[in-house]
Structure formats: structure tokens, C-alpha cells
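Okay, here's what each chain looks like letter by letter:
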Amino acid sequence: MRIPLSTCSQLPASLLLLVFSLIGLPQSTLIHAQGTSTPSVLFNGITPFSISTANRALSFSIPSSGQPVVLSIELCTQVEGQDGPKFSVARNTASSTNAGGATSTRTAGSSGGSGNTLLGESVGIDVSSGVGYWNSDSVLQNGGTLQVQLDPSARGGPWRFTVGLTTQNPLHLRSELAPLFGDSTGTSAVLLSPPIPGTSTPVEEPKFPKYELPEAIPSSSPSPPTVATSTNNTLLIIPTSALIGDDGYFKSNLTSSTCFLESLAVNINNQPVVTNSSLALFDQEEGWRTQYLVSGLQPQTNYTLYTISTVLGESNIITLSQPAYFKTKTSGFGCTLVHSLPFCPKVAYSAPLPPLTGAAASTGYDATNFPLGLQQQLVTSLGNFTASLKTFPCGRDLYSIVQSCASCERAYRDWLCSVLIPRCGESDPSPDPNIGPINPPAALVLRVTDSGNTTDSSPRLDQTVFTSPSSSSNTVQQYNEVLPCLETCHAVDRACPPMLKWTCPRKGFGAERSYGVGFIDKEGDDVSGGGFEWAGKTGRSQDSFGNVWCNAIGLAR
């Protein structure tokens with residue numbers, strides 16, 4: 001059957017759908033450009049659109065391409081109790097030029113008409129998770145058409161969506177990596193983006209005879225590469241209750257949609273504030289991250305965080321990370337965030353230092369206000385260690401085919417920072433009833449900041465460095481320390497020359513007093529050690545839900 005396009009072009013799209021279904025023609029032959037120009041999807045860009053009940057069927061022109069194309073769609077809106085729009089795409093099957101010089105596309109046997117396009121077989125695009133993709137697999141000689149349609153019963157709206165079109169990677173990307181939870185207090189947190197792709201570099205080992213180890217306090221900071229400075233990482237931090245219901249299930253299926261998550265973050269009450277963001281290098285072989293200092297959080301509240309990454313000059317690609325989760329501490333949590341220390345670059349957690357006031361209370365301690373007494377202890381200890389290490393002919397003689405004096409120094413620095421800058425923690429007084437308390441329990445030990453204290457079963461010898469020089473009332477009187485992971489000690493043992501005679505305590509022989517034991521690696525049951533790497537009770541020091549079992553500076557988390 002042939003239908004005059006001049007007649008069909010006068011009908012609304014919704015009526016055309018009904019007519020085509022009654023006469024048995026597939027919907028894919030819908031005439032969608034009814035005497036007016038069809039809006040186009042732009043190449044190498046993400047274009048926002050919307051659809052409402054006022055016009056339940058929309059079509060968008062896909063330009064022709066001499067290469068296969070990738071079309072990506074993000075659905076930004078979910079209307080409660082309503083089905084979202086359906087998306088499909090079809091190739092234009094043929095092209096001809098009419099007497100007026102205009103180009104129209106038609107299928108075999110159809111009659112042409114100015115400005116009218118007929119389509120081949122359409123393919124649905126599933127956006128039920130918030131994002132969907134279509135790959136043409138071959139060139140689009142005559143272009144194509146994206147069709148968007150609302151169910152006749154749909155109410156409310158409008159439904160917003162974005163469309164990306166490219167001949168390379170999709171413009172809406174999903175990373176396999178998640179942000180990293182540093183630590184939190186009751187109202188603030190230090191959070192980190194996933195490593196920025198392309199910024200990792202191998203560690204360059206010193207060469208004999210000029211075998212130099214790093215200074216205790218580096219005289220200059222490393223400069224981030226261009227790919228790091230041209231990457232914009234935006235932090236989204238959302239109360240988990242806005243995403244997940246009391247039954248433990250997500251309230252929406254659109255959690256893979258960047259624009260949906262952005263709108264959710266904007267509309268929450270008591271929005272957290274990013275007070276500072278900067279590039280940070282925790283591990284050279286891992287790559288640069290963006291570090292965020294966040295204030296305005298609510299105590300004892302679960303949060304979900306994502307990062308959205310864009311890179312200048314890369315066709316407007318938007319990359320959404322996997323989610324990470326954490327829960328803020330109680331309002332009475334007394335420790336303060338510490339971060340951005342050039343001598344301990346991997347420290348990003350709370351420590352029992354004297355509380356800060358004013359603007360510094362939300363940004364915490366960094367290299368500009370870190371206590372000099374504690375810094376001097378670290379510098380002295382590291383200097384003495386490297387002096388002993390250099391008695392070995394580093395770079396000339398080998399004591400290992402995989403380790404060196406440089407890797408020994410790095411392992412010792414990580415261990416020293418975890419010991420001299422204790423990490424604070426607390427037992428959750430109100431765990432999620434659906435999950436229960438953290439299991440296994442974290443390696444927490446109560447500390448009292450009084451060097452004369454003799455009642456504590458596990459006192460530290462250096463508590464006086466945590467007291468305020470001006471006022472004893474401006475001091476953390478007691479705190480719970482998250483003990484260093486025993487693996488931080490083992491890392492020094494493995495990396496350093498035997499002549500240093502470095503030893504670590506064993507499970508059941510005093511290790512539990514000073515370290516978190518058996519979380520990452522499975523410890524042997526006798527004095528000879530043994531055990532298995534990454535086969536401990538948790539196999540890691542912390543998880544993506546913000547649970548921290550032991551302090552693992554320098555180790556995979």
C-alpha cells in the first residue's frame with residue numbers, strides 16, 4: 001500500500017502511529033518530518049532534549065557518516081509511577097533529490113515528497129539503567145533517525161534526556177573505578193577521585209654511583225602532567241537515603257545517568273560544600289587524583305559519592321565513576337582531618353591533633369599548620385633510618401632482584417607515617433539495622449593523651465605531641481586509634497636489606513597490641529610466620545562502603 005506523503009505530512013505524529021498500526025505497516029516507516037525541519041543530533045557533542053505529553057512522539061536526524069557511529073542516550077528524569085520514554089534508532093534507507101533540489105529519503109516503492117523521510121528497520125535502545133547505547137557497526141551513508149515516544153498513558157513530565165554522537169568511544173562513559181574515601185569527622189570529609197587515566201608513571205630508581213634517596217621533606221613538589229591539569233573531576237555527594245530506600249533497594253533505576261544524579265544532588269537539602277579541591281599524588285605508579293575537602297555534612301549520616309570527569313579537547317566525553325559510600329562520625333568526634341603533607345603524602349585521615357577554629361576547622365591540618373614537634377620527630381626518624389640504609393652499597397650491590405634501597409625508603413616512610421600520625425576511628429553507635437555492626441570489628445584501641453597514664457592497657461609513648469602547647473583544654477583528651485595494618489611492617493621487612501635486621505611482631509606474640517592483624521593477609525599460626533597474601537579476614541584494609549579495619553598507608557586498599 002502506498003500513502004501519499006503530502007497527505008500524511010498534514011497529520012500529527014500520534015495519529016500517524018495509529019494509522020500505520022491499523023493498516024499493518026511497521027512503525028519504522030513513520031514519516032517523521034512533516035513539512036518542517038527535523039532537529040539534528042550533533043556530532044562530537046552531547047545535546048539536551050526533552051519530551052512531554054504535549055507531543056508524545058519526537059524524531060531527531062542523525063547525520064550521515066563515512067564511519068560507524070556510536071549513539072549514547074542518558075535519561076535525566078524519572079516521574080514516579082510513570083514509564084519513561086522509549087528510544088529507537090533506524091537507518092535512512094535511500095536518498096533522492098526532488099525537482100526543487102531538496103534531498104529526501106525513502107524506501108523502495110514509496111513516493112517521494114519534499115522534506116519527508118521514510119525509515120528502515122528500527123532498533124530499540126534500552127535506557128532502563130539511565131544510559132543506553134547504539135553502535136551502527138557500519139557507515140551511515142544516508143544518515144539515520146532517532147525516535148522518542150511516550151506511552152499513551154504517561155502523565156506528568158517533562159522527561160529530559162541527553163544524546164551524544166561520535167565515531168569513536170561513546171560520549172557517555174562509565175568507569176570501572178570508584179572514588180576513594182579518605183576519612184570524615186562529624187561534619188567534614190576528605191575524599192578523592194579515582195586515579196586520572198594516563199597520569200601513572202613508573203618510579204625511576206637512582207643509579208650508582210650517585211645513588212640519592214629523597215629528602216625527608218621534599219624541597220619541591222612534583223608537577224602534575226598536562227592530562228591531569230586538563231581533567232575536570234566534579235564531585236557528587238548525595239545522602240544515601242535519597243538513593244536507597246529503607247528496604248535496601250534503589251529508589252530509581254537511573255543511577256547510571258550522570259544528569260539524573262546531578263539533578264538529585266542539586267535538589268537535596270543541606271547541601272555539602274566542597275571547600276577546596278586540588279590535584280594530589282598519593283602513589284606515582286597509581287597516578288594523580290583530585291582531592292576534595294568537604295564541609296557541611298550531617299553527623300551519623302550515610303552518603304554516596306560519584307565523580308564526573310571531563311577532559312578538555314576530547315570530544316566532550318563525560319565519564320561517571322562507580323559509587324563509593326561512607327558514614328560520617330558522631331557530632332562528638334574530636335579528631336581533625338590531616339592531609340596534603342609532603343613528607344607523608346599518603347596521609348588523608350583524621351588524627352588526634354588539637355582542634356582548629358575558624359575556617360581551618362573545615363579544612364583541617366596540612367603542611368602549613370601541621371605541628372612542628374611531630375614533624376621534627378618524623379624528620380629525625382627518617383634521617384636516622386636512611387643514614388643506616390646508606391651504609392649498604394645501594395645501586396652497586398644487589399640484595400634483591402625486585403627491591404632496592406629506594407623501595408626500602410618508601411616502605412619505611414609509609415610505616416613511619418602510619419605510626420607517628422595515628423588514625424582516629426570510632427565504633428558506630430547506630431549501625432544500619434539491615435546490615436548490623438562492622439564485621440569483623442576494626443582494630444580499635446582506646447588512647448588517652450597523657451604520657452603519665454598507666455591504666456591504659458595499650459599506651460602510646462608519644463602522647464605529649466598531641467597536646468596543645470597553649471591550653472590543655474584545647475586537646476583531644478582521648479580517642480580510638482585505628483591501628484596500623486601489620487602488613488605495613490611486613491612491607492618494610494620485604495623491601496629492606498637483611499643487614500638492617502628489621503623484624504615485625506608475630507600473631508599471638510604481641511602483634512595485636514600494636515597492629516591490626518589478619519585483615520589483609522592471612523597470618524600463620526606459629527612463631528615461624530607463614531600465611532597467605534590477600535587471604536585475610538577482609539582481604540583489604542577498607543571497602544567501598546567506608547568501613548576501615550586497619551590503617552594501611554602505602555598498601556592497596
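What you see is a predicted model, and the numbers here were worked out from it, not measured in a lab. (Residues numbered from 1 in each chain as written. Predicted model: local features only at pLDDT ≥ 70, side-chain atom pairs only at ≥ 80, totals over all residues. Heavy atoms only, no water.)

Participant: So what exactly am I meant to see when it comes to the sheet that holds strand E8 (residues 131-135) here?
Facilitator: The strands making up a sheet associate through backbone hydrogen bonding, with each pair oriented either parallel or antiparallel. What the four strands build is an open sheet, ordered E1-E10-E3-E8; its pairing is antiparallel. Whereas interior strands pair on both sides, the edge strands pair on one side only; in this sheet they are strand E1 (45-51) and E8. Across the sheet, the mean angle from the axis of one strand to that of its neighbour is 20°, orientation sign disregarded. Bridge count between strand E3 (residues 70-75) and strand E10 (residues 159-166): six bridges; the pairing is antiparallel. Paired with Leu71 across the strands is Leu165, a residue of E10. (Pairing = 2+ DSSP bridges. Helix = DSSP H or I, 4+ residues; strand = E, 2+ residues; numbered from the N terminus. Axes fitted to C-alpha atoms, helices over the stretch in contact; angles between N-to-C directions.)

Participant: Quick question: what am I supposed to make of the sheet that holds strand E12 (residues 180-184) here?
Facilitator: Taken together, four strands build an open sheet; the order of strands is E12-E13-E16-E15 and the sheet is antiparallel. Each end of this open sheet is capped by a strand with a single partner; those strands are E12 and strand E15 (273-283). Here the strands of the sheet are splayed against their neighbours by 20° on average, with no regard to which way each runs. Pairing analysis gives four bridges linking E12 to strand E13 (residues 189-192), with the strands arranged antiparallel.

Participant: Teacher, can you tell me more about unusual backbone geometry here?
Facilitator: With glycine set apart, most residues show a phi of negative sign, and most peptide bonds adopt trans. The omega angle of the peptide bond from Gly157 to Pro158 is 0°, so this bond is cis rather than trans. Structurally, the position occupied by Pro158 is in the loop between strand E9 (144-149) and E10. The omega torsion of the bond from Asn439 to Pro440 falls at 0°, within 30 degrees of zero and hence cis. For Pro440, the position within the fold is in the loop between strand E22 (423-425) and strand E23 (444-448). Of note in this structure, Asp137 is not a glycine but carries a positive phi near 65°. Within the element layout of this structure, Asp137 appears in the loop between E8 and E9. Note on Asp137: relative accessible area 66%, which makes it exposed. Of note, the phi angle at Gln300 is positive, near 55°, even though the residue is not glycine. Along the chain, the position of Gln300 falls in the loop between strand E16 (287-295) and strand E17 (302-311). (Buried < 20%, exposed > 50% of the residue type's maximum accessible area, 1.4 Å probe, protein only.)

Participant: Help me understand the state of the cysteines, please; the structure alone is not making it clear to me.
Facilitator: What is meant by a disulfide is a covalent connection between two cysteines, made through their sulfur atoms. Scanning the model with the defined rule gives seven disulfides in all. Across a sulfur-sulfur distance of 2.0 Å, Cys335 and Cys424 are joined as a disulfide pair. The disulfide joining Cys335 to Cys424 has a torsion of about -70° about its S-S bond and is therefore left-handed. Of this pair, Cys335 sits in the loop between strand E19 (324-327) and strand E20 (336-338) while Cys424 sits in strand E22, placing them 89 residues apart in sequence. The disulfide that involves Cys485 links it to Cys550, with 2.0 Å between the sulfurs. Disulfide Cys485 to Cys550: torsion about the S-S bond roughly 95°, handedness right-handed. In this pair, Cys485 is assigned in the loop between strand E24 (478-482) and helix H8 (486-495) and Cys550 in the segment after strand E26 (529-532), connecting sequence segments 65 residues apart. Accessibility classification places Cys485 together with Cys550 in one group, the buried group. (Disulfide = S-S within 2.5 Å.)

Participant: So what exactly am I meant to see when it comes to the pairing of E24 here?
Facilitator: Along any regular strand, the residues point their side chains to alternate faces of the sheet. With three bridges joining them, E22 and E24 adopt antiparallel strand pairing. Residue Gly425 lies in a different strand from E24, and its bridge partner there is Asn480. Of the pairings in the sheet, the one linking E23 to E24 comprises five bridges and is antiparallel in character. Bridging across to E24, Leu446 finds its partner in Asn480.

Participant: Got a minute to help me understand helix H6 (residues 372-389) in this structure?
Facilitator: Three or four residues apart is the spacing at which side chains of an α-helix point the same way, because the helix has 3.6 residues per turn. In this model H6 runs 25 Å from its N-terminal to its C-terminal C-alpha over 18 residues, within 8% of the 26 Å that 1.5 Å per residue would give. All of the buried residues in H6 are Leu374, Gln375, Leu378, Leu382, Phe385, Thr386 and Leu389. Viewed along the axis of H6, the buried residues span an arc of 100°, placing them on a single side of the element. Away from its buried face, by an angle of more than 90 degrees, H6 presents the exposed residues Leu372 and Asn384. The inward-facing, buried residues of H6 abut helix H7 (405-420). (Expected span 1.5 Å × (residues − 1). Arc of directions from axis to C-beta. Contact = heavy atoms within 4.5 Å.)

Participant: Would you mind showing me how to read the confidence of the model for the chain here?
Facilitator: In low-pLDDT regions, the fine details of the predicted coordinates are not to be read closely. Of the residues in the chain, 81% have a pLDDT of 70 or more, and the chain-wide mean is 83. Note that pLDDT drops below 50 for residues 96-116; the model gives that stretch 40 contacts with residues more than four away or on any other chain. (pLDDT = per-residue confidence, 0-100.)

Participant: Explain H8 to me, please; I cannot follow it from the model alone.
Facilitator: H8 sits mainly inside the fold: eight of its ten residues count as buried. All buried positions along H8 are accounted for by Leu486, Glu487, Thr488, Cys489, His490, Ala491, Val492 and Ala495.

Participant: Sorry if this is basic, but what is going on with the pattern of salt bridges here?
Facilitator: It is possible for side chains bearing opposite charge to pair when their charged atoms get close. Using the criterion set out here, one finds eleven salt bridges in the structure. Across the pair Asp183 and Lys329 runs a salt bridge, and its minimum N-O distance is 2.8 Å. Here the residue Asp183 occupies a position in strand E12, and Lys329 occupies one in the loop between E19 and E20, the gap between them amounting to 146 residues. Between Lys346 and Asp414 there is a salt bridge, with the nearest N and O atoms lying 3.1 Å from each other. Of the two residues, Lys346 is situated in the loop between E20 and strand E21 (349-351) and Asp414 in helix H7; the sequence distance between them amounts to 68 residues. By relative accessible area, Asp414 is classed as buried at 13%. A single salt-bridge network, built from bridges that share partners, covers Asp183, Lys329 and Arg423. (Salt bridge = Lys/Arg side-chain N within 4 Å of Asp/Glu carboxyl O.)

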